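# Fold and geometry: a report
The primary structure of each chain is shown beneath.
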Amino acid sequence: MTQIVAYLNLNGKCEEAMNFYKDCLDAELTLQKVGDTPMASQMPVEMHGKVLHSMLVKDTITLMASDMRGKDFVKGNDTTLLFNCSSEEEITNYFDKLSKGGTVKLPLMKQFWGATYGELIDKYGKEWAFNFMEETAN
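Description of the structure in this document. (Residues numbered from 1 in each chain as written. Predicted model: local features only at pLDDT ≥ 70, side-chain atom pairs only at ≥ 80, totals over all residues. Heavy atoms only, no water.)

We now examine the nonpolar core. L8, L10, C14, A17, M18, A27, L29, V51, L56, L63 and A65 together form the largest nonpolar core, which totals eleven residues. Secondary-structure elements contributing two or more residues to this core are α1 (14-25), β3 (51-58) and β4 (61-66). If you tally residues by element for this core, the top one is α1, at three residues. Membership of the second largest hydrophobic core comes to eight residues, among which are F83, C85, F95 and L120. (Core = buried A, V, L, I, M, F, W, Y, C linked by side-chain atoms within 4.5 Å. Buried < 20%, exposed > 50% of the residue type's maximum accessible area, 1.4 Å probe, protein only. Helix = DSSP H or I, 4+ residues; strand = E, 2+ residues; numbered from the N terminus.)

The subject of this paragraph is the packing of aromatic side chains. For any pair of aromatic rings, the description consists of the separation of the ring centres together with the inter-plane angle of the planes. Tallied over the entire structure, the rule returns seven aromatic pairs. Taken together through their ring pairs, the aromatic side chains of F83, Y94, F95, W128 and F130 make up a single cluster. (Phe/Tyr/Trp six-rings, centres within 6.5 Å; stacked < 30°, edge-to-face > 60°.)

Across the sheet, which stays open at both edges, the eight strands sit in the order β2-β3-β4-β1-β5-β8-β7-β6 with mixed pairing between neighbours. At either end of the open sheet lies a strand with only one pairing partner, and these are β2 (28-33) and β6 (103-110). For this sheet the average axis-to-axis angle between neighbouring strands, irrespective of direction, equals 20°. Judged from the six bridges that link them, strand β1 (residues 3-9) and strand β5 (residues 79-85) form a sheet pairing that is antiparallel. (Pairing = 2+ DSSP bridges. Axes fitted to C-alpha atoms, helices over the stretch in contact; angles between N-to-C directions.)

Here the focus is the layout of surface pockets. Here the largest pocket defines a volume of roughly 990 Å³. In this structure, the largest pocket is lined by 35 residues; those nearest its centre are Y7, H53, W113, Y117 and N131. Elements with a minimum of two residues in the lining of the largest pocket: β1, β3, β4, β5, β6, β7 (115-121), β8 (127-133) and α3 (134-137). Looking at which element gives the most residues to the lining of the largest pocket, the answer is β8, with six residues. (1 Å grid on protein atoms, 1.4 Å probe; cavity = no way out; pocket = protein on both sides within 12 Å on 5 of 7 lines; lining within 4 Å. Points joined across faces, edges and corners; volume = space filled by probe spheres on them.)

Structurally, N84 is set in strand β5. A polar contact of 3.4 Å, which involves the side chain of N84, links it to the side chain of N131. (Polar contact = N/O pair within 3.5 Å; in protein donor to acceptor, adjacent residues only side chain to side chain.)

Take the pairing of β4 next. As paired elements, β1 and β4 share three bridges and run parallel to each other. When the sheet's bridge partners are listed, Y7 is paired in β4 with M64. Bridging between β3 and β4 involves five bridges; their strand directions are antiparallel. Across the sheet, M55 pairs through a bridge with M64, a residue of β4. Joining the antiparallel neighbours β3 and β4 is a turn of two residues, in which D59 adopts a positive phi near 50°.

Structure below.
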């Protein structure tokens, strides 16, 4: 089932914030740090303890977050809307339509975590990310 999920960029506070939200919501939390991924060799050592991706789940609630906003972090650009898509056709369709008149930050492509993933800023300045995990579609 396709969902739109809020994706927070927490600029170094991701692990702390997501653990707080986990306790508040009595939810299940998974965290993936930069140092535990193939990206570690491409990143400065001080980034290895930062959260690349986290996901909090409780019933129908899903909240995702990371520390990976980087130098362009400003309060106000700290939330991305993530399409968690259910097929290749769907991810391509949404990505193509929302990118018209906007800027593609990262074209759709296969990623090391096993998903097709891409990012864009639409013509209204809103940030969108797109993810499709093939094994969950079967």
